[in-house]
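# Structural description and commentary
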Amino acid sequence: EYIDSYVFNKAEYIRFNSTVGKYVGYTEHGVKNAETWNKGSELAQELGELERYCKHNAAIYYGAVL
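Residues numbered from 1 in each chain as written. Predicted model: local features only at pLDDT ≥ 70, side-chain atom pairs only at ≥ 80, totals over all residues. Heavy atoms only, no water.

Naming follows an unreviewed UniProt entry, where the protein appears as MHC class II antigen beta of Salvelinus namaycush.

Right, dumping it as C-alpha cells:
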C-alpha cells in the first residue's frame, strides 16, 4: 500500500492512498484540493510512483520481513 500524506501544522489535510486509488481530503481545504488533484495530472503522477517504486520493491521488502 502506497500512502502519500500532506501535513500542515501537524494536521493531515490530504492523502493519496493506493488502495483507494485517489486523493482524499480531510479538511475543507484538503477536500477542495483532492477534487482538483483527482481531475489533473497529479493523480497520474502518484499512480506512476506506485508502479515505479512500490510494485518494483514490494518483493524485496516482503522477503526481508519474512
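What follows picks up the thread again.
The subject of this paragraph is the UniProt feature "domain: MHC class II beta chain N-terminal" (unreviewed entry) in the protein. Feature annotation in UniProt places "domain: MHC class II beta chain N-terminal" (unreviewed entry) on residues 1–62, given in this structure's numbering. This span, residues 1–62, is 55% helix and 27% strand, and a straight line between its end C-alpha atoms measures 12 Å. (UniProt positions renumbered as here; feature names shortened; annotations may be inferred. Helix = DSSP H or I, 4+ residues; strand = E, 2+ residues; numbered from the N terminus.)

Taken together, the 3 strands give an open sheet; going across it, the order is β1-β2-β3, and neighbouring strands pair in antiparallel fashion. Every other strand in the sheet has two partners, leaving β1 (3–8) and β3 (22–25) as the edge strands with one partner each. The average angle at which neighbouring strand axes cross in this sheet is 20°, direction not considered. Sheet analysis places strand β2 (residues 11–17) next to β3, joined by 4 bridges and oriented antiparallel. What sits directly across from Ile-14, in β3, is Gly-25. Docked against the sheet, helix α1 (residues 28–39) engages β1, β2 and β3, running at close to 165° with respect to β3. Relative to the sheet, helix α2 (residues 41–65) contacts β1, β2 and β3, its axis offset from that of β3 by approximately 115°. (Pairing = 2+ DSSP bridges. Axes fitted to C-alpha atoms, helices over the stretch in contact; angles between N-to-C directions. Contact = heavy atoms within 4.5 Å.)

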